[in-house]
Every structure is written in structure tokens, then in C-alpha cells.
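Coordinate inspection notes
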Amino acid sequence: MAGIPSSGEAQAKRGQVTDILGRIKDRLDDLSSAERKVGVAVLSDVRQAVDESIASLAGRAGVSEPTVTRFCRAIGCRGVRDFKLKLAQSLAVGELYLDADQGDEPATQDESLPAFWSPILVDAHDALREVERRISPASIQSAADAIAGARQVMTFGLGGSAATLAEEAQYRLFRYGVRVSCCQDPYVMRMTAATLGPEDVVLAISASGRTEELVEAVELARDYGATTIAITAVGSPLAEAADHALTVAIAETRDTLTPTSVRFAFLALIDLLSAATGYTLGPKARESLRRIKYTIVRRRGGGTMEPLGD
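This write-up is about the structure you can find in this document.

Rules of the game
Residues numbered from 1 in each chain as written. Predicted model: local features only at pLDDT ≥ 70, side-chain atom pairs only at ≥ 80, totals over all residues. Heavy atoms only, no water. Helix = DSSP H or I, 4+ residues; strand = E, 2+ residues; numbered from the N terminus. Buried < 20%, exposed > 50% of the residue type's maximum accessible area, 1.4 Å probe, protein only. Contact = heavy atoms within 4.5 Å. Areas by Shrake-Rupley, 256 points an atom, 1.4 Å probe, with all protein chains shown as cover. Expected span 1.5 Å × (residues − 1). Pairing = 2+ DSSP bridges. Axes fitted to C-alpha atoms, helices over the stretch in contact; angles between N-to-C directions.

1. Re the overall build of the protein chain
When helices and strands are counted, the protein chain shows 15 helices and five strands. With 310 residues in all, the protein chain has 39% of them scored as buried. Taking as baseline every contact in the protein chain between residues at least 6 positions apart, the subset at least 24 positions apart corresponds to 66%. With the model as given, the accessible surface of the protein chain reaches about 17,400 Å², and the carbon-plus-sulfur share is 52%.

As C-alpha cells, then:
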């Protein structure tokens, strides 16, 4: 209908970039046999497809040049030029994942171990050593003092591991009797930040430190007088926005199938911060822990040395 933008035009207005590689893979079976040959040729060497001419791509696929043009239109592009642009954009973001099976990762030293074994454990050790190297006890204690003296604490985290870690921080702190809540929604986070004041604390967690919604919420909370603590990357916008920045520099591996190792560093920081808070609160924290343990053991039994709240 006239006046109604196409999905492609709507995406362009919103500033979205089409994931053309994903579109090719999703629609490959729906293409004609000749068009499918073009799609297979593109996926077999994406970088070459970005750089080569239409004649070269047609020759590599074993089809005519008009077939290449029909392929581009069949997957939602205006033509070959538009296709090449979208392909280059997809490649810039996803090349690491496309190349993951091409032998970039060094082989494990012990051939009896699976390939993922050493990278995960070695990266975990390195992440913990990075915490020891970069974080001072004084910085942890300063942040813990703010939490211990707060009217309430909000833990902020968006997406991926950050949201889970924000929830982990909530679980750690409430056991010491800290009034703490977790927020993982960007809109609620912003609204919550607007309700905070000088007696409140925000603990924000982000591996990149560049998530705009999170940074804005922390800045908003700080503007209203709340004390802000960040567990994040060195030199990141989130670190700059916080009163207390607990930062580490963790280099990620090229192995896209293994979890991010920064989680180990952040978990260590959460444990250090929560334990420091417990020591600062002293008798109050111990009484809160005692009550929790008493309630749980009465409910399910078990020994006193089992993990609290297992």
C-alpha cells in the first residue's frame, strides 16, 4: 500500500542493520536451485564475496550474472550494490564467528583433554589473578562502607551475564541484612534511578561498560545524590560515571564457544565486596545469617557447615 514503508525502509529509519548472513542462511532452502548456488558460494567465503565482482561471484557459483542479481533481490536487497554493503556490515560484526572453525585456536597441550578444557580453566585462573593485581583492599572497603551505610541498595545489570551477576550480588548482600533489590529492565532501571537519593547506593555491573541504558541510569542516580559503584571494564563510560569503580582488563579469547572469562573476575569482586560489607556490618550481619541458617536447617535438616541457603 502506498505510504506504508517496507520492512527494509522501516529498519533504515530506525538505524538498524540487516543481518544479511542470517537472512541467507534462513532463506537458502526457499531459493531457486540457481539462486541457492549463489548463496552457497557466498557462505563458503564471505570475505571473497564482499570483495569480488559480480562476474567473479557468478563464475564461482556456476551461474549467470543476472542470477546473482535475482539472488540479491530474493533475499531482500535492492540490488548487488546494496547486497555487498549489507554483507560487509554483517562481516564486520560476525567474522570471528565465521572463522571459528578454521583452526585459529591453538591446540590443547594435552591431547587427551577436550579443546575447551584448558581455555576455560586457564582463563578463570588468569581472571582471578587480574583481580589480585588491579583491585586494592582499600577500594573494596570504601565501596563496602557505602553499602553497609545505605538505606537501600539497587543492583543494575542488563543482558547476558551482567543481569545474572546483578542478581548474584543481590543474593550475596541480602543475607547480611542489607536492604537490596535487583533491576534488569532498562526502563524500570531508569525510573528507579529517579527515585533514589543521598542515602541510597547503586551497584552496576557491565562487562563492556558501554551499555548506554545502564550508563544513563547510573548517571541519573548519581545526579539525584545516590552513591554509585561499578564493576566493569577499565576506562569504560560506566567506570567514569561511578563514584567507586572496581575495574579489570580481561582479554577475551577467539574461541567463541567458550563463556566469557570476565565472569570469574566479576564473581570474585562481588564476593570480595559482599564479604567486606558483612565484616563492616559485624554483629548485624552475623545475626541475619544465623536466622537464615536456623530457618533453613529446621526446614530441610543438614549440617551447619553446608552452604548457606543451598
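2. Focus on helix α9 (residues 137-148)
For α9, which comprises 12 residues, the first-to-last C-alpha distance of 16 Å matches the rise-based estimate of 16 Å (1.5 Å per residue) to within 8%. All buried positions along α9 are accounted for by Ile140, Ala143, Ala144, Ala146, Ile147 and Ala148. Elements in contact with the buried residues of α9: β1 (152-157), α10 (160-174), β3 (200-205), β4 (227-233), β5 (244-248) and α14 (262-281).

3. Overview of the sheet that holds β3
One open sheet holds the five strands; their spatial order is β2-β1-β3-β4-β5, and the pairing between them is parallel. Here the strands that pair on one side only, and so sit at the sheet edges, are β2 (180-183) and β5. Strand-to-strand twist of the sheet, defined as the mean angle between neighbouring strand axes without regard to direction, takes the value 15°. Looking at chain direction, β4 and β5 are connected through five bridges and run parallel. Opposite Ala233, over in β5, you have Val248 as the bridge partner. On top of the sheet, α10 reaches β1, β2 and β3; it is set at about 160° to β1, its chief contact. Docked against the sheet, helix α12 (residues 212-223) engages β1, β3 and β4, running at close to 165° with respect to β3.

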